[in-house]
Amino acid sequence: MKNSKPFIKAIFIKFLNNEDTPVETKRLFNWAKKKDNAILFKALIKEHFVKNYQNNSFDVDKAYEYVLKQITEKSVKNKILPTQNFKFLKYAAVVIFFITTLFYSLSNKYLFVNEVNSTNQDFTSIKFNSDDPVFFQSLKDTSFFTSSGTHEIFINNGVLSIKDLALLNMPSPKCVIKVPYGNKINVLLHDNSLVNLNSGSTFVFPANFKDQLKRSVSIEGEGFFDVTHISNKPFEVITPYLKTSVYGTTFNIKSFREDSKSEVVLVNGSVGVNDLKSNSKPAILLPSQKATFNRDTSEKIRLNKVNVDSHISWRNNILTFDNISMHEIILTLQRSFNVEIDNRYKLLENKSFTGKFEKLNLELILKTFQAHTPFEYSIKRNKVIIDKPISEQL
């Protein structure tokens, strides 16, 4: 920048790289706090950001306020704790990522933090340890930093991945992804295992597995797992009712808290499935087998042969129902279309239906089932009411 004093620019760059001395920090602080220098300092901040991140759309005024606050806090710490400055230096690198996080968040219209209201019901969220959740659109390519500055999250073509910036020698944080109804997302884990998450799912996993003897993750909802085989570090998936031990394989897990049944369908490889409340040996699945656990009954895990495609077609936006009760179908439709379905025709609950729908259209699905078993329905915004056929209402 032509109009900024060279020594200020040099100190500012050193500050961003955590290489400034207490004297230089104080000098930068004294210069930056003067109103006459505000325009020059904002231009310097913008120059740094555009040069390094190729983005002109962030809010310069907010960025200026934030950077000035960081310089002020560092200057005060240097003054109060001159002999303990090394403690600050240990964590100072995180400040740089606070600044970068702010810049990127301000410039990204698909990303917002801690806005828990009706507007984010269509957004997927990710949360690291005690950080505030960050909400984003799973189909929009973006990237952002955690508020602690230790990790960067990327979303590319519907796949979320995490880069460990290795700023500090800290245990891997716990990540929680929540997928709202009507959405899906894929997660690439640290070991290159890929997890496809269905609507309404919550997935908990470590940012990396370096500190774990086992690669342990948990899910409430539905996910398709393609697990990378690592012989000395087994993989396990915990659901509210089951534990699935994985030996390098692909399989589907469905375990929603509101569903009475939990299911594991093996595509290939080998898995063992345990009821969490019993000490029995795991049920070992063969490819094309399904393990079913019904928490409302006392029966053990049941194994049976299935058509795998009907259980994993959701990954390709295809809904397949193979002799499924209307009660279960309603739960699936609510999650897939983000609607509330009020079934007032109770005789319909236990009737079973079969159908494959490659075009995800709620009304088309209801009309198809209606042709099989007569009933009435109405759709108003996000609410569906199913009622008795008119002949029974008279």
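*Asks:* What am I meant to see in the layout of surface pockets here?
*Replies:* Empty pockets left among the atoms are what a rolling probe the size of a water molecule brings to light. Looking at the largest pocket, its volume works out to about 790 Å³. In this structure, the largest pocket is lined by 37 residues; those nearest its centre are K254, E263, H311, I324 and E328. Taken together, the elements giving at least two residues each to the lining of the largest pocket come down to strand 14 (250–255), strand 15 (261–268), strand 18 (289–294), strand 19 (302–305), helix 6 (308–312), strand 20 (319–325) and helix 7 (326–337). Of the residues forming the lining of the largest pocket, the biggest block, seven residues, is contributed by strand 20. Residues of the lining of the largest pocket, tallied by class, amount to nine nonpolar, 16 polar and twelve charged. Considering the residues around the second largest pocket, the lining is formed by 21 residues, among which L139, N183, K184, I185 and N317 are closest to the centre.

*Asks:* How do you make sense of helix 7 when you look at a structure like this?
*Replies:* Residues three or four positions apart in an α-helix share a direction because the helix packs 3.6 residues into each turn. Here helix 7 spans 16 Å end to end across twelve residues, near enough to the 16 Å set by a 1.5 Å rise per residue. Regarding helix 7, the residues found buried are M326, I329, I330, L331, T332, L333, Q334 and R335. Tucked inside the fold, the buried residues of helix 7 contact strand 14, strand 20, strand 21 (340–343), strand 22 (352–357), helix 8 (362–372) and strand 24 (383–387). Of the residues one or two after helix 7, N338 is the one with positive phi, at around 55 degrees.

*Asks:* Would you explain the packing of aromatic side chains in this entry?
*Replies:* The description of an aromatic ring pair rests on the distance of the ring centres and on the angle between the ring planes. Applying the stated criterion across every chain yields a total of twelve aromatic pairs. Ring centres of F203 and F225 lie 6.1 Å apart, and the angle between their planes is 70 degrees; on these two criteria the pair is classed as edge-to-face. Within this pair, whereas F203 is found in strand 10 (residues 202–206), its partner F225 is found in strand 11 (residues 215–226), the two being separated by 22 residues in sequence. The same class applies to F203 as to F225, namely buried.

*Asks:* Can you walk me through unusual backbone geometry in this structure?
*Replies:* Excluding glycine, a negative phi dihedral is what most residues carry, and trans is how most peptide bonds are arranged. With phi around 70 degrees, S288 is a residue other than glycine that occupies positive phi space. One can find S288 in the loop between strand 17 (283–285) and strand 18. In this structure, N317 takes a positive phi of about 60 degrees despite not being glycine. Position of N317 relative to the elements: it lies in the loop between helix 6 and strand 20. A residue is classified by how much of its surface remains accessible, and N317, at 40% relative accessible area, is partly exposed.

*Asks:* Would you mind going over empty space enclosed by the protein with me for this structure?
*Replies:* Taken as a whole and assessed by the stated rule, the structure comprises one cavity of 30 Å³ or more. One number sums up the size of the largest cavity: a volume of about 50 Å³. Considering every element that reaches the lining of the largest cavity, the biggest residue donor is strand 2 (residues 124–128), with three residues. Broken down by class, the residue content of the lining of the largest cavity amounts to five nonpolar, two polar and three charged.

*Asks:* Help me out: how do you make sense of the pattern of salt bridges in this one?
*Replies:* For the structure shown, the criterion picks out eight salt bridges. Note that D164 is salt-bridged to K210, the shortest N-O span being 3.7 Å. Of this pair, D164 sits in strand 6 (residues 159–164) while K210 sits in the loop between strand 10 and strand 11, and the two are 46 residues apart along the sequence. Overall, the relative accessible area of 45% leaves K210 in the partly exposed class. Between R335 and D259 there is a salt bridge; the shortest N-O distance is 3.2 Å. Taken as a pair, R335 in helix 7 and D259 in the loop between strand 14 and strand 15 lie far apart in primary sequence, 76 residues in all. R335 sits in the buried class, given a relative accessible area of 4%. For D259, a relative accessible area of 9% puts it in the buried group. Bridged by salt links that share partners, the residues E258, D259 and R335 form one connected network.

Calculation criteria
- Residues numbered from 1 in each chain as written.
- Predicted model: local features only at pLDDT ≥ 70, side-chain atom pairs only at ≥ 80, totals over all residues.
- Heavy atoms only, no water.
- 1 Å grid on protein atoms, 1.4 Å probe; cavity = no way out; pocket = protein on both sides within 12 Å on 5 of 7 lines; lining within 4 Å.
- Points joined across faces, edges and corners; volume = space filled by probe spheres on them.
- Helix = DSSP H or I, 4+ residues; strand = E, 2+ residues; numbered from the N terminus.
- Nonpolar A, V, L, I, M, F, W, Y, C, P; charged D, E, K, R; others polar.
- Expected span 1.5 Å × (residues − 1).
- Buried < 20%, exposed > 50% of the residue type's maximum accessible area, 1.4 Å probe, protein only.
- Contact = heavy atoms within 4.5 Å.
- Phe/Tyr/Trp six-rings, centres within 6.5 Å; stacked < 30°, edge-to-face > 60°.
- Salt bridge = Lys/Arg side-chain N within 4 Å of Asp/Glu carboxyl O.

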